[in-house]
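Survey of secondary and tertiary structure
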Amino acid sequence: MDKNFQEEFTQITKFEPPLYKQRHQFVRDLVEKCKPKKVADLGCADCSLLRMLKFCSCIEVLAGLDICANVMKEKMHTLSPLPVDYLQPSERSLTVTLHHGSVAHKDPCMLGFDLVTCIELIEHLEESELKKFPEVVFGFMAPSIVVISTPNSDFNPLLPRVMLYRHPDHKFEWNQAQFQSWALETARCYDYSVEFTGVGHPPTGMEKVGFCTQIGVFVRKYLQTGESLWPEKPTEAVYKTVFKAVYPSLKDEKYLQNAVISEVIFTAQIIKHRLMSKREEYGGDPERKSKFQPSMDCFSDYLGKLVVEKNMEPFVSGNEVYIPLATIFSFPKVNRLCGTFEKLCKLIAGKVTLSSDGSAVMFNIEHENEEN
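Conventions and cut-offs
- In this convention, every chain numbers its residues from 1, walking through the sequence in written order.
- Predicted model: local features are reported for residues with pLDDT of at least 70 only, side-chain atom pairs are reported and counted for 80 or more only, and whole-chain, interface and lining totals are derived from all residues.
- Hydrogens and water are ignored here; the side-chain numbers use all heavy atoms of the structure.
- Helix numbers and strand numbers start at the N terminus; a helix is a DSSP run of H or I with at least 4 residues, a strand a run of E with at least 2.
- Note on exposure labels: buried denotes an accessible area under 20% of the residue type's maximum, exposed denotes more than 50%, and partly exposed covers the range between, all computed with a 1.4 Å probe on protein chains only.
- Contacts are assigned to residue pairs that have any heavy atoms within 4.5 Å of one another.
- Here a polar contact is recorded for every N or O atom pair within 3.5 Å, except that within protein the pair must consist of a potential hydrogen donor and a potential acceptor, and residues adjacent in sequence are included only if both atoms are side-chain atoms.
- Just to be clear on terms, a salt bridge is a Lys or Arg side-chain nitrogen sitting within 4 Å of an Asp or Glu carboxyl oxygen.
- Any two strands with at least two DSSP bridges between them are considered paired.
- Orientation is described by lines fitted to C-alpha atoms, with helices fitted over the stretch in contact, and by angles between N-to-C directions that extend from 0 to 180 degrees.
- Residues enter a patch when their relative accessible area is above 30% and they make no salt bridge; the linking distance is 9 Å between like charges and 5 Å between nonpolar side chains (Val, Leu, Ile, Met, Phe, Trp, Tyr).
- All accessible areas in this document rest on Shrake-Rupley with a 1.4 Å probe, and a residue is counted as covered only by the protein chains that are shown.
- Throughout, nonpolar core names a set of buried Ala, Val, Leu, Ile, Met, Phe, Trp, Tyr and Cys residues whose side chains join them through atoms within 4.5 Å.
- Starting at the helix axis, one direction is taken to each C-beta atom, and the arc is that of these directions.
- Take the residue count of a helix, subtract one, and multiply by 1.5 Å to get its expected span.
- The charged-residue count follows a simple rule in which Lys and Arg add positive charge and Asp and Glu add negative charge, with His and chain termini not counted at all.
- Summary of the metric used: pLDDT quantifies the predictor's per-residue confidence within the range 0 to 100.

Looking only at helices and strands, one finds 14 helices and eleven strands in the chain. Taking all 372 residues of the chain together, the buried fraction comes to 44%. Nonlocal contacts in the chain, meaning residues at least 24 apart in sequence, comprise 73% of its contacts between residues at least 6 apart.

Locating Glu207 in the fold gives a position in the loop between strand S6 (192-199) and strand S7 (213-220). Of the polar contacts made by the side chain of Glu207, one reaches the backbone nitrogen of Gly205; its length is 3.2 Å.

Before going further, it helps to spend a moment on the pattern of salt bridges. Counted by the stated rule, this structure contains ten salt bridges. Across the salt bridge formed by Lys106 and Glu135, the nearest N and O atoms sit 3.3 Å from each other. Separated by 29 residues along the polypeptide, Lys106 in the loop between strand S3 (95-100) and strand S4 (115-119) and Glu135 in helix H6 (residues 127-141) bring together distant segments of the chain. The class of Lys106 is partly exposed, set by a relative accessible area of 28%. According to the relative accessible area criterion, Glu135 is partly exposed, its value standing at 30%. Linking Glu127 and Lys131 is a salt bridge whose minimum nitrogen-to-oxygen distance equals 3.9 Å. One end of the pair, Glu127, and the other, Lys131, are both in helix H6, four residues apart, so they sit about a helical turn from each other. Given the relative accessible area of 60%, Glu127 is considered exposed.

On to the sheet that holds strand S11 (residues 360-364), then. On the basis of which strands lie adjacent, the open sheet formed by three strands has the order S9-S10-S11 and antiparallel pairing. Each having just a single partner strand, strand S9 (315-317) and S11 make up the two edges of the open sheet. Each neighbouring strand pair of the sheet contributes to a mean axis angle of 25 degrees, computed without reference to strand direction.

Here we take up a nonpolar patch on the surface. On the surface, a nonpolar cluster with roughly 380 Å² of combined accessible area is contributed by Met163, Leu164 and Tyr165. When its relative accessible area of 32% is taken as the criterion, Tyr165 is described as partly exposed.

With that settled, the discussion passes to the nonpolar core. Ranked by internal contacts, the top residues of the largest apolar core, which has 39 residues, are Val31, Leu53, Ile59, Leu98 and Phe243. At the level of elements, helix H2 (19-34), helix H3 (48-53), S3, S4, strand S5 (145-151), S7 and strand S8 (240-246) are the ones that each hand at least two residues to this core. Those residues in contact with Leu98 that lie beyond four places of it in its chain are Cys44, Cys47, Leu50, Gly64, Met72, Met76, Leu79, Lys240, Thr241, Val242 and Phe243. Formed by 32 residues, the second largest nonpolar core is a distinct cluster that contains Val137, Trp174, Tyr192 and Tyr239.

With that settled, consider the sheet that holds S5. Here we have eight strands laid out as an open sheet, ordered S6-S7-S5-S4-S1-S2-S3-S8, and mixed in their pairing. What marks the edges here is a single partner per strand, and that holds for S6 and S8. Taken over all neighbouring pairs, the strand axes of this sheet differ in orientation by 15 degrees on average, direction set aside. Sheet contacts for H6: strand S1 (38-42), S4, S5, S6 and S7; angle to S5, the most-contacted strand, approximately 160 degrees.

This brings us to helix H13 (residues 341-348). Looking only at H13, the buried set comprises Leu344, Leu347 and Ile348. All buried residues of H13 fall inside an arc of 85 degrees around its axis, so they share one side. Turned more than 90 degrees from where H13 packs its buried face, Glu342 and Lys346 sit exposed. One or two steps after H13, the chain reaches Gly350, where phi turns positive at roughly 80 degrees.

Right, let's talk about helix H7 (residues 176-189) for a bit. Over its 14 residues, H7 runs 20 Å from end to end, which matches the ideal 20 Å to within 8%, given 1.5 Å per residue. Once H7 ends, the next one or two residues include Asp191, with phi positive near 65 degrees.

Residue placement: Asp107 occurs in the loop between S3 and S4. Within the structure, the side chain of Asp107 is placed 2.7 Å from the backbone nitrogen of Tyr239, a separation counted as a polar contact. Aside from chain neighbours lying at most four places away, what touches Asp107 is Phe140, Ala237, Val238 and Tyr239.

Turning our attention to unusual backbone geometry. In the segment running from Glu16 into Pro17, the intervening peptide bond is cis, with an omega of -5 degrees. Phi is positive for Ala45, close to 50 degrees, though the residue is something other than glycine. We note that Asp191 has phi near 65 degrees; this positive angle belongs to a residue other than glycine. Its location among the elements puts Asp191 in the loop between H7 and S6. According to the relative accessible area criterion, Asp191 is partly exposed, its value standing at 39%.

On to the side chain of Asp41. Along the polypeptide, Asp41 turns up in strand S1. One buried charged residue, Asp41, remains without a salt bridge, the closest side chain of opposite sign being Arg51 at 9.8 Å. One polar contact links Asp41 to Thr117, side chain to side chain, over a distance of 2.8 Å. Among residues more than four places away in sequence, those in contact with Asp41 are Leu49, Leu50, Ala63, Gly64, Leu65, Thr117 and Ile119.

We now examine the confidence of the model for the chain. Of all residues in the chain, 82% attain a pLDDT of 70 or more, and the chain-wide mean is 86. Note that residues 224-228 has pLDDT below 50 and, in this model, zero contacts with residues that lie over four places away or in other chains.

In structure tokens:
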């Protein structure tokens, strides 16, 4: 490389966005494309990638593994559910677990994952660990997709203050040819295909230098019929679990029931409010009451159609207002939460005041009239 040309570009010290964010975004984009349900991040360190991935709606299981428990423990609280997660449970289930251990060891808790990420990990491994790494990840874990990123040493001359390696803990840094040679051989041995890409573009005119961070995306080839995925599944755990969080989910009957009750009461209250407003407007005239038509906002327009098309009109009898459950069930959110009318009845039984025959939500307006 021409010395003057090299010096001209040694001022490249910052990427926008920063490289670590570009690496994380690469993984997130892959997740959005492939929709894995179970994802493991090996060498998760401060859990920053896991924090990003927990918002991906397709993921139901997240696991992190790192050799340094203290680094994980400093940030693991950021993976805990927030108050809003309990107030508005998600429709999906999500479990996040952190393990303390080495990627050179096999543990059954790491079986069954769709995607495994190893972001800036392999360059931290000792030679003996690196030799065991392919068998653990590709042979034992055998996920559908593996993403491995590592520094590209061809790019190092463009980075000021980099004498040998970019980080004092790095045991090696491969150039493009070395990484691709290792990756292709690993893919061949364990029946994967691999494609190469990266993040951190080189300056114009120096494309041969390659990306600052090189990435290999490994995709497992189809298994033959009858082939066992884990022929030597161990029975003994070697990792230590240091954190586990189970997020509230509507798949849990307890949270689903709370959500349905809240939505039923909310819907019924609005319908009651519309009914009473019109009743006051018509002065309580029984003949005019039959002409009940809600005001033309989105909610009431939908309610009006139900009343006209399906004869599910709410009504007042003495000091009591009755809102048919069939009307409430017809509203999209209630319908989506319950799925069936029978499920709705089961979830609100004993939790919501109903008419004697159980067909309608009932409100007593005597106290409301006294207050007015």
